[in-house]
Amino acid sequence: MDTPTDLSAPLAEASITTGGVARRLGVSPTTVRSWERRYGIGPSGHEAGRHRRWTPQDVAVLEAMCRLTARGVPPAEAARLARGGALARLPQGRAETGEPRESGGGRTLPLGTVRPECRGLGRAAVRLDAPVVERLLDVAVADLGLVTAWDEVMMPALRAVGRKWAVEGERYVEVEHLLSWHVSGALRRITRCIDPPAPVAPVLLAGMPRELHSLPLEAVAAALSGRGIPFRMFGPAVPPAALVESVRRIGPSAALLWSQSRDTADTRLARLAAATAWGPRGARARPAVLLGGPGWSGAGRIPGTLRPRRLTESLVHLETLAAP
């Protein structure tokens, strides 16, 4: 799937092809054609035997449908509302279907007060509706930006699935696996390895040796990519010797070490990473070490480390540390 583009950008032509519409929405041409067949959303002036040409008004209906489905409205209902121009009249802060907020019982997620985009994502995940989950994630990133999409859409949904799994057991493990896989895919679609024109020490991203969660590291990598900051991603469960050797070999501007729970927070290794030096004698350098994740909450103060609480705070530190 192509990376979603800015849906608010003006059309460059009076009308565009189905392929152009697909690129604008960040979906495949097959998806656009399937919406036309299933929901009756298509070019208003199509002539038999000629290529479909979409006017700005036609594209606006599709964009409205995408935003409605991102807020949890079923596709058929979203198409009906979009055709009727109902998007602007719908209330903010709740699903456009007018349904009450879920209480968390039955096959719903205990989301609490969240953005409508998050509520729609949670509904699609519980239904195991992979195409809708993928589309909602891409639309959220395109509409809200990565940081807001992560903090206010992806993370609340992932936490809710985790809480539901803890209560329901294996009944919801498939929901967590599906949602996690698609969140990872959405992050990877917007992540590029940076090769800056001027020498800039990269940021090292690694999970603690017994830490199996890597999605927050992937979110940081995507955000660094968008800011033109080089990084080296090592993922979850990095062995101690490999982590220390990587610091020596790379000479990073900073190292972000992730721990999701207290039993994976290795304070000894964090101290060792912060004390690891490289470079010639007389010009030795050490990395700034950021301790990310709730696992470090009970670790106490570790010299030479920072403890950011949110993605935004981590990015502020990393941008400052990576500045030439």
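Only a predicted model underlies this, so the values are computations on that prediction, with no experimental measurement involved.

Student: How should I be thinking about the packing of helix H10 (residues 240-250) against helix H11 (residues 267-275) in this particular structure?
Tutor: For any two helices packed against each other, the geometry is given by the interaxial angle and the distance between the axes. Where H10 contacts H11, the two axes come as close as 9 Å, and the packing angle between them is 20 degrees. When the axes of H10 and H11 are compared, the pair comes out roughly parallel. Considering how the two elements wind past one another, H10 and H11 form a crossing that is right-handed. Contacts between H10 and H11 pair Pro240, Leu243, Val244 and Val247 from the former with Leu269, Leu272 and Ala273 from the latter. Each residue belonging to the contact of H10 with H11 can be placed in one class, and the counts come to 7 nonpolar, no polar and no charged.

Student: What is the right way to look at the sheet that holds strand S5 (residues 305-306) in this model?
Tutor: Paired through their backbone hydrogen bonds, the strands of a sheet run either parallel or antiparallel. Reading across from one edge, S2-S1-S3-S4-S5 is the order of the 5 strands in this open sheet, with parallel pairing throughout. The sheet is open, and its two borders are formed by strand S2 (231-233) and S5, each paired with just one other strand. Sheet analysis places strand S4 (residues 288-292) next to S5, joined by 2 bridges and oriented parallel. Opposite Leu290, over in S5, you have Leu306 as the bridge partner. Contacts between helix H12 (residues 311-322) and the sheet are confined to strand S1 (203-207), strand S3 (254-258), S4 and S5, with S4 contributing the most and set at about 165 degrees to the helix.

Student: Is there a simple way to think about the packing of helix H5 (residues 116-126) against helix H6 (residues 130-144) in this case?
Tutor: Running from N to C, H5 and H6 cross one another at 165 degrees; their axes reach a closest spacing of 9 Å. Classified by the angle their axes make, H5 and H6 are roughly antiparallel. Handedness of the crossing formed by H5 with H6: left-handed. The residues of H6 that touch H5, namely those facing Glu117, Gly120, Leu121, Ala124 and Ala125, are Val132, Val133, Leu136, Leu137 and Leu144. Among the residues making up the contact of H5 with H6, the classes are represented as 8 nonpolar, 1 polar and 1 charged.

Student: What should I look at first to understand the nonpolar core in this one?
Tutor: When a protein is soluble and globular, its nonpolar side chains tend to lie buried together. Core analysis: the biggest nonpolar cluster contains 53 residues, and Trp150, Leu179, Val183, Leu205 and Leu224 have the highest contact counts within it. Once you skip the residues sitting within four places of it in the chain, Trp150 turns out to touch Met155, Pro156, Leu158, Val183, Leu187, Leu215, Pro216, Ala219 and Leu311. Core analysis: the next-biggest nonpolar cluster, separate from the first, contains 21 residues, Val21, Trp35, Ile41 and Trp54 among them.

Criteria and thresholds
Think of each chain on its own: its residues are numbered from 1, step by step along the sequence as written. Restriction of local features to residues with pLDDT of at least 70 applies here, the model being predicted, together with a cutoff of 80 or more for giving and counting side-chain atom pairs; totals for whole chains, interfaces and linings are based on all residues. Here the side-chain values reflect all heavy atoms present in the structure, with hydrogen atoms and water set aside. Only C-alpha atoms enter the line fits that serve as axes; for helices the fit covers just the stretch in contact. Angles between N-to-C directions range over 0 to 180 degrees. Labels follow the DSSP assignment, with helices taken as runs of H or I lasting at least four residues and strands as runs of E lasting at least two, numbered in each case from the N terminus. Note that the term roughly parallel is reserved for angles under 35 degrees, roughly antiparallel for angles over 145, roughly perpendicular for angles of 65 to 115, and oblique for everything else. Handedness of each helix crossing follows the sense of rotation of the near helix against the far helix: counterclockwise by less than a right angle gives left-handed, clockwise gives right-handed. Should any heavy atoms of two residues lie within 4.5 Å, those residues are counted as being in contact. Note that Gly is not counted as nonpolar here; it falls among the polar residues with everything else outside the nonpolar set of Ala, Val, Leu, Ile, Met, Phe, Trp, Tyr, Cys and Pro and the charged set of Asp, Glu, Lys and Arg. Strand pairing requires that DSSP identify at least two bridges connecting the strands. For our purposes a nonpolar core is just a set of buried Ala, Val, Leu, Ile, Met, Phe, Trp, Tyr and Cys residues, chained together by side-chain atoms within 4.5 Å. For every residue, the accessible area obtained with a 1.4 Å probe (protein chains only) is divided by the maximum for its type, and the residue is called buried under 20%, exposed over 50%, and partly exposed between those limits.

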